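Structural overview for review
Each chain, written out:
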Amino acid sequence: MHDILPDKQHYWKHIQKKSSQILEDYGFDKIDLPIVENTGLFVRAVGEATDVVEKEMYSFKTKGGDELSLRPELTANTLRAYLEHGMQVMPHPVRLWSYGPVFRHDNPQAGRYRQFHQLNVESIGDQDAVVDAEMIFMAHKVLEAIGLKRMIVKINSIGDDSCRPQYIKALKDHYRNKVKKICNKCKDRLKTNPLRVLDCVEANCVDAAKDAPQMVDYLDSDCKKHFKSVLEFLDEVGVPYLLDPHLVRGLDYYTKTVFEFVQEEEEKKEEEQQQKEIKEEVVAEEGEGKAEGDAVKEKVDEPEEKQKHPQLAVISGGRYDKLVALLGGPATPAIGWAMGVERAVMLLERNKANIPDYKTNPKIFLAQLSEMGRRKGLVLFEEMRKSSIPVKTSFGRDSIKSQLRIADRLGSLYTLIIGQKEALEGTVILREMSTGVQETIPMEKIVDTVKKRLKK
RNA sequence: GUGGCUGUAGCUUAGCGGCAAAGCACCGCUCUGUGGCAGCGGGGAUCAUGGGUUCGAAUCCCAUCAGCCACCCCA
């Protein structure tokens, strides 16, 4: 768990602003959902045998005996709300988006937190392939709008109930005479969650997976046609994609189209430049003591390891045509995706993306002296606020000295000073901080004067 | 869930069984209504939390929590 401090807020505001704009443009309505829900909801929706449900949920029992969990994702909640509020009777597709914290009890590391934020999007009620493409296109647009470059979508189809069983059978057949070679976990996976063996990274398992049958070859005509049109639509709108026959989702509810967005490797040049800088730093330090020669060597070696950022999915999602029915609703096709906001922020930082600074950075500081100055200051502060001129003050402080020091630290362009004398005269001192030049201005003209000065 | 590393003042860290330190930051004074520089002074730490070992624990041990790295997995 981590705090999002003021100096990072502009990333968050930026992402929220850009993405909500696009989602509203596409006709999605916002929905806010509770953080705590019945454990059973997630077990049913996400799947009993998934890691998320098995070991990553924060579950607890209330005094009344209810089994509750902090939500590990937002799709289940969204569909629960959809059913609970009778949205089946609304014109379809019902398009909902939500944003908020989700919780997974996993070992944390870069880009992975126990509490993180998702931007979640669902389109309920359409089965056509064009919607798959539209959702992927929109995800692409969102990433583009927030300033992430070199994003590529990995895509696959995992079929549905009518063809996946045959594929799983073929997959099991393929592994029948290889069981001895693959790792123990994969042996379990073959029984509980066979698709999973495909993305295991153990050398032997990768080997065994190489010539494994591919889902695309087992798709029935409906699924195959669907997948083919999704790709055709993507070509049409120009979203770069990568067919990944081993892409398998960790949540049970997916059918047909699954996808995830990753960022392609950074340009090599940049990496080399960074390494050079680090090496130069190390060399500069060397003069201080030769005894730590070994330590220096280690320092040089380290960055090479660190440059290899794992390719984390920023957005991932897919179609889930059976989930609404599974949760007790009528058979309703649907598709959705979720963005990991921390990951998006992390990539923006790594890319050194140029994010607009949404902070209102006050250029004006208001200093006051004496009880009377303070009173007038309070009034003037409100006048400035009404004119939308952001002002910082430190009313609680008495000495002009410390107030000016603060004004300086804040980088104020001008300081307004009201002391006893000015308060009695009905004037204000306007001090230009860079030059120290001051002039006395009648109180009633000060707002206009400041406005003019700031425009320059 | 597995293996490894880390947690001392707001920040960066030193101390590694015997009085909790330094630099930066903050506040103040020198300078009584005028900032940046300098000098001097001050406040601020239940040493992540809870247990244990010990005459004595920031220091050693165990557990928990949080973070970092590699897995697993995922956003």
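Criteria and cut-off values
All residue numbers refer to position in the chain's written sequence, counted from 1. Throughout, the order in which chains and ligands are written sets their labels, letters from A for the former and numbers from 1 for the latter. The model is predicted, so local features are restricted to residues of pLDDT at least 70 and side-chain atom pairs to those at 80 or more, both for listing and for counting; the totals for chains, interfaces and linings are taken over all residues. To obtain the side-chain values, all non-hydrogen atoms of the structure were included, while hydrogens and water were left out. Whether two strands pair comes down to DSSP finding at least two bridges between them. Runs of H or I in DSSP of at least four residues are treated as helices and runs of E of at least two as strands, each being numbered from the N terminus. Interaxial angles span 0 to 180 degrees and are taken between N-to-C directions of axes, which are lines fitted to C-alpha atoms, for helices over the stretch in contact. By definition, residues are in contact when any of their heavy atoms lie within 4.5 Å. These domain boundaries are the output of an automatic or database domain assignment. Here, nonpolar core means buried Ala, Val, Leu, Ile, Met, Phe, Trp, Tyr and Cys residues that are tied together by side-chain atoms lying within 4.5 Å of each other. Burial classification: accessible surface area is computed with a 1.4 Å probe over protein chains only, and a residue below 20% of its type maximum counts as buried, one above 50% as exposed, and the rest as partly exposed. A pairing counts as a salt bridge when a side-chain nitrogen of Lys or Arg comes within 4 Å of a carboxyl oxygen of Asp or Glu. Polar contact criterion, stated in full: a pair of N or O atoms within 3.5 Å, where within protein one must be able to donate a hydrogen and the other to accept it, and residues adjacent in sequence count only if both atoms are side-chain atoms. Put simply, a crossing is left-handed when the front helix is turned counterclockwise from the back one by less than a right angle, and right-handed when it is turned clockwise. Any residue that is not Ala, Val, Leu, Ile, Met, Phe, Trp, Tyr, Cys, Pro, Asp, Glu, Lys or Arg is counted as polar, Gly included; the first ten are nonpolar and the last four charged.

1. Overview of the sheet that holds strand β3 (residues 59–61)
- Judged by pairing direction, the sheet is antiparallel, and its three strands sit side by side in the order β2-β4-β3 without closing on themselves. Of all strands in the sheet, those bounded by a partner on one side alone are β2 (36–38) and β3. Taken pair by pair, the neighbouring strands of this sheet meet at an average axis angle of 35 degrees, ignoring direction.
- Examined bridge by bridge, β3 and strand β4 (residues 67–70) share three bridges and lie antiparallel to one another. When the sheet's bridge partners are listed, S59 is paired in β4 with S69.
- Sheet strands in contact with helix α2 (residues 39–46) are β2, β3 and β4, and its direction is about 75 degrees off that of β2.

2. Some remarks on the domain arrangement of chain A
- According to the domain assignment, chain A consists of domain 1 (6–163 + 219–263 + 311–350) and domain 2 (364–447).
- A straight line from the C-alpha centre of domain 1 to that of domain 2 covers 51 Å.

3. Description of the nonpolar core
- Counting residues in hydrophobic clusters, the biggest one holds 88 residues, and the most contacted among them are I136, L143, F261, W337 and M339.
- Per-element accounting of this core gives the leading share, ten residues, to helix α5 (residues 129–146).
- Leaving out residues up to four positions away in the same chain, W337 has contacts with L119, N120, V121, M135, M138, A139, V142, F259, I315, S316 and G317.
- With 17 residues, the next largest nonpolar core counts M384, V391, I418 and I446 among its residues.

4. Quick notes on the pattern of salt bridges
- Inspection of every chain in the model, using the stated rule, returns 17 salt bridges.
- E37 is the partner of R80 in a salt bridge, and the nearest nitrogen-oxygen pair spans 2.2 Å. Linking R80 in helix α4 (residues 75–84) with E37 in strand β2, this pair joins segments that are 43 residues apart in sequence.
- The exposure class assigned to R80 is buried, which follows from its relative accessible area of 18%.
- Take E37: its relative accessible area is 7%, and that puts it in the buried class.

5. Quick look at the environment of R319
- In this structure, R319 sits in strand β10 (residues 315–319).
- There is a polar contact of 3.1 Å between the side chain of R319 and the backbone oxygen of D126.

6. Things to note about the packing of helix α1 (residues 9–25) against helix α13 (residues 341–350)
- Two elements in contact, α1 and α13, have axes whose closest approach is 10 Å; the angle formed by their N-to-C orientations is 115 degrees. In this structure, α1 crosses over α13, and the sense of that crossing is right-handed. Between α1, through Y11, W12 and I15, and α13, the contact on the second element is made entirely by V341, E342, A344, V345, L348 and E349.
- Grouping the amino acids of the contact of α1 with α13 by side-chain chemistry returns seven nonpolar, no polar and two charged.

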